[in-house]
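# Descriptive structure summary
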Amino acid sequence: MKTQLYVCIALFISVQGEMTADQKKMTEMLHNNCVKETKVHEDLIVAASKGTFNEDENLKCYMKCLFAQMGVFSDEDNSFDKEAFIEMVPEEIKETTIAALGKCLPVGGSNGCEMAFNLNKCFYMHDPEKYMIV
């Protein structure tokens, strides 16, 4: 049985289990690019995936980087493109995603990194079993 997951930061949202080679390659590319850009420590990403969101600027900016790389976050005005995000989501989890976005948006924060971080925390709080960060 497959478990639905939020792939945040962001990342993007996917279905756990049978990821295609292209999906694996894309998530790895997003992860590697954003780790390199933000210098975040891997252990902070792992902790966030389990619900421990450390107040670390590099982690916060890693989450923003993932959204920006996906094309759903604008650095110019620190806005999140809800519609573009929903379009990326597989049909089988659109309803869950829309509910999470309805609860979590608009999200506050003093800058784009903090906004992305707060959005990820909200996604986790909305449904911890379906949350995943790459």
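Here's what I pulled together on the structure shown here. (Residues numbered from 1 in each chain as written. Predicted model: local features only at pLDDT ≥ 70, side-chain atom pairs only at ≥ 80, totals over all residues. Heavy atoms only, no water.)

### Observations concerning the state of the cysteines
The bond known as a disulfide is covalent and runs between the sulfur atoms of two cysteines. Going by this rule: To count as a disulfide, a pair of cysteine sulfur atoms needs to be within 2.5 Å. Numbered from the N terminus, helices here are DSSP runs of H or I no shorter than four residues, and strands are runs of E no shorter than two. Relative accessibility under 20% of the residue-type maximum defines a buried residue, over 50% an exposed one, and the middle range a partly exposed one, all with a 1.4 Å probe and only protein chains included.
Under the definition given, this model contains three disulfides. Across a sulfur-sulfur distance of 2.1 Å, Cys34 and Cys65 are joined as a disulfide pair. Measuring the twist about the S-S bond at about -80°, one finds the Cys34-Cys65 disulfide to be left-handed. In this pair, Cys34 is assigned in helix 1 (residues 21–38) and Cys65 in helix 3 (residues 57–70), connecting sequence segments 31 residues apart. Residue Cys61 pairs covalently with Cys113 via a disulfide, S to S 2.1 Å. With the S-S bond torsion at 100°, the cross-link from Cys61 to Cys113 turns out right-handed. Placement of the pair is Cys61 in helix 3 and Cys113 in helix 6 (residues 112–126), with a sequence separation of 52 residues. Classification of Cys113 as buried rests on a relative accessible area of 9%.

### Digging into the environment of Cys122
Inclusion rule: Working rule for contacts: check all heavy atoms of both residues, and any pair within 4.5 Å makes them a contact.
Considering the arrangement of structural elements, one finds Cys122 in helix 6. Residue classification places Cys122 among the buried residues on the basis of a relative accessible area of 18%. Sequence-distant contacts of Cys122, defined by excluding residues within four places in its chain, comprise Lys103 and Cys104.

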